[in-house]
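# A closer look at the structure
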Amino acid sequence: MLVKTRFAPSPTGFLHVGGARTALFSWLYARHCGGKFVLRIEDTDRERSTQPAIDAIIDSMKWLNLNWDEGPYYQTKRFDRYREVIDKLLAEGKAYKCYCSKERLEKMREDQMKAGLKPRYDGHCRDDHSEHDPSEPYVIRFRNPDDGTVAFDDMVKGHVEFKNSELDDFIIQRSDGTPTYNFCVVVDDWDMGITHVIRGDDHVNNTPRQINLYKALGAPVPVFCHLAMILGDDGAKLSKRHGAVSVMQYREDGYLPEALINYLVRLGWSHGDQEIFTREEMINLFTLDAITKSASGFNTKKLDWLNAHYMKTMPSSEVAKELVWHLNRLGLTDLSQGPNPEDVVKNYAERTHTLKEMAQKALCYYQDFEDYDKAAVKKWIKDGSVDILKDALESLKALDSWDALVIDKTLEDLAKRCEVGMGKVGQPLRVAITGTAMSPGIGDTMVLAGRERVLARIERAIAHFGA
RNA sequence: GUUCCCAUCGUCUAAUGGUUAGGACAUCACCCUUUCACGGUGGUAAUACGGGUUCGAAUCCCGUUGGGAACGCCA
């Protein structure tokens, strides 16, 4: 059997990490099985679906490198097909027109709640339509079985069973003639040959209704796999106040897609004690039975750790591409006035956790900075610092090769000569060159900044602090 | 309210009846060190509770508590 999975977001907002994890698991399972992965946009709610949301979802999927084999399909382009299926259901008596007013429905729900019952449609329009003028507005409901149970063996939750008496005749077509979610998913998954439905567990309660529809349609019922939700850092439901929730926000915050993917794959899935997975390993090892049942909380610190790991271990040319994107975002478009971004990556990968941070720190190698960091100045610019800067300036000017090791050696000699520790030499220079007390080894820092810029900045610092 | 789902260190998780309950992130201590980091070594830290079943339970069953989801002419 050819395995086919799908990711079917509704374009009512950006792609958040929960959705991304669902997409990842669906994608991984398809790839693991050598099957197909489908992207489908569930936009039947025309009020809330937007083009920017569609774009954001697609951009996110591309950035995460979750490629799809089919689609994107749009439900709004399949209305003819839905109509056809509804007509068939209607003709077979498996669906019916309902003329109940929203007021009646609302009152019924209220009464049922008050009586301690689960609100459900009472089947008022099931059989008798004689009192209604066919021109009245109506919705179409699916005739759910009255007796027995619906059960399914979820790949994550295990055996789940519902009584049909708990379910009701849900609406499959609105009064404006458009079909609804619970109906469209079934028709789509059937038409598209989806074998495994991997989705959030907020859909568990929809599943029995959908299974009844599959059966009424004579369609094969797919395997279901319901993923527990992802919570915020604080254990509460993910929301805007958690800062980054959208995938593209993580990009803006300086994370690599590789890191986010690796982080997400371990959220609700595991393979022994392994934490780091290449794409190939994920694909090879990913199975549905290793998915956790319980909800998991998002832990930004661990993401940071993974991001740092990937910044350090990925080819610097790859990381540099993403770094350039961040430098551009900071308004730096001309990189010709500074070092090769790859060299920035090599020097900063192990001293920063995000590319955003790296880009900010690297800015001083491309353009002049305004102010010196106050704390750094206070701590490191002391009596004698200016003299050391002057001394260093002369020694550096005399060098005929601008090499990190040579520079380090020169400054070490200077420290010895002046009978001070390297801290009193390296730190004032660091402040002079970067404006801060934090940078790579002083020789590497100077190579990144370049000879001319270094000499100019030392002179500037001498003038500034010597006054 | 009704139905469904869930429950191992702070967090992500391992252990599918027998382990001193393991790993990772975070945290703490020490080492390394010209800054910031990286790295290394070690430590603190968990089976929600109560009953069963069993020679033996984190693991199986029941209950309690706690959390979550669904109950729309949203998806």
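What you see is a predicted model, and the numbers here were worked out from it, not measured in a lab. (Residues numbered from 1 in each chain as written. Chains lettered and ligands numbered in written order. Predicted model: local features only at pLDDT ≥ 70, side-chain atom pairs only at ≥ 80, totals over all residues. Heavy atoms only, no water.)

Contacts to RNA strand B come from 60 residues, most closely from Arg174, Gly268, Glu350, Ala437 and Ser439. What you see for RNA strand B is that sugar and phosphate hold 69% of its atoms within 4 Å of the protein. The contact in question runs from a base nitrogen of RNA strand B to an N or O atom on the side chain of Glu275, over 3.0 Å. Looking at the surface near RNA strand B, the elements with two or more residues in it are helix H4 (102–114), strand E7 (158–163), helix H5 (181–191), strand E12 (296–297), helix H10 (300–313) and helix H17 (423–434). Counted by class, the surface near RNA strand B contains 17 nonpolar, 21 polar and 22 charged residues. (Near = heavy atom within 4 Å. Polar contact = N/O pair within 3.5 Å; in protein donor to acceptor, adjacent residues only side chain to side chain. Helix = DSSP H or I, 4+ residues; strand = E, 2+ residues; numbered from the N terminus. Nonpolar A, V, L, I, M, F, W, Y, C, P; charged D, E, K, R; others polar.)

Chain-level pLDDT for chain A is 92 on average; 98% of the residues reach the 70-or-more range. In the predicted assembly, ipTM is 0.94 and pTM is 0.93. (pLDDT = per-residue confidence, 0-100.)

This part is about the packing of aromatic side chains. In this structure the tally under the stated criterion is 14 aromatic pairs. Here Phe79 and Tyr82 contribute two aromatic rings whose centre-to-centre distance is 6.1 Å and whose plane-to-plane angle is 55 degrees, an arrangement assigned as tilted. Taken as a pair, Phe79 and Tyr82 lie in helix H3 (residues 79–91) at a separation of three residues, close to a single helical turn. Across the pair, exposure class does not vary: Phe79 and Tyr82 are buried alike. Relative to Phe224, the ring of Phe152 has its centre 5.8 Å away and its plane inclined at 65 degrees; by these criteria the two rings are edge-to-face. With Phe152 in strand E6 (residues 149–154) and Phe224 in strand E10 (residues 223–227), the pair connects residues that are 72 residues apart, well separated along the chain. What links up through ring pairs into an aromatic cluster is the set Phe25, Trp269, Phe277 and Phe286. In this arrangement the basic side chain of Arg21 is found over the ring face of Phe25, its NZ or CZ atom lying 5.3 Å from the centre. (Phe/Tyr/Trp six-rings, centres within 6.5 Å; stacked < 30°, edge-to-face > 60°. Buried < 20%, exposed > 50% of the residue type's maximum accessible area, 1.4 Å probe, protein only. Lys NZ or Arg CZ within 6 Å of the ring centre and 35° of its normal.)

This part covers unusual backbone geometry. In this chain, Gly71 is followed by Pro72 through a cis amide linkage whose omega measures 0 degrees. Along the polypeptide, Pro72 turns up in strand E3 (residues 70–74). One non-glycine residue, Asn65, lies in the positive phi region at around 60 degrees. Considering the arrangement of structural elements, one finds Asn65 in the loop between helix H2 (51–63) and E3.

Considering all chains together, one arrives at 32 salt bridges under this definition. With a closest N to O distance of 3.4 Å, Lys88 and Glu92 form a salt bridge. Exposure remark for Lys88: the relative accessible area of 45% places this residue in the partly exposed category. Arg104 is paired through a salt bridge with Asp122; the nearest N and O atoms lie 2.7 Å apart. Of this pair, Arg104 sits in helix H4 while Asp122 sits in the loop between H4 and strand E5 (139–142); the two residues are 18 residues apart in sequence, bridging distant segments of the chain. (Salt bridge = Lys/Arg side-chain N within 4 Å of Asp/Glu carboxyl O.)

Looking now at the environment of His203. Its location among the elements puts His203 in the loop between strand E9 (196–200) and helix H6 (207–217). Along the backbone, His203 and Leu227 are 24 residues apart, and their C-alpha atoms lie at a distance of 9.3 Å. Contact partners of His203, with chain neighbours within four places excluded, come to Tyr181 and His226. (Contact = heavy atoms within 4.5 Å.)

Our next topic: the sheet that holds E5. Adjacent strands of a sheet pair through backbone hydrogen bonds, lying either parallel or antiparallel. The strand order across the open sheet built from three strands is E4-E5-E8, with neighbouring strands paired in antiparallel fashion. Bordering the open sheet on either side are strand E4 (95–98) and strand E8 (171–173), each of which pairs with just one other strand. Sheet twist, expressed as the average angle between the axes of neighbouring strands with direction ignored, equals 45 degrees. By the bridge criterion, four bridges tie E4 to E5 in an arrangement that is antiparallel. In the sheet register, Cys98 faces E5, and the bridge partner there is Val139. (Pairing = 2+ DSSP bridges. Axes fitted to C-alpha atoms, helices over the stretch in contact; angles between N-to-C directions.)

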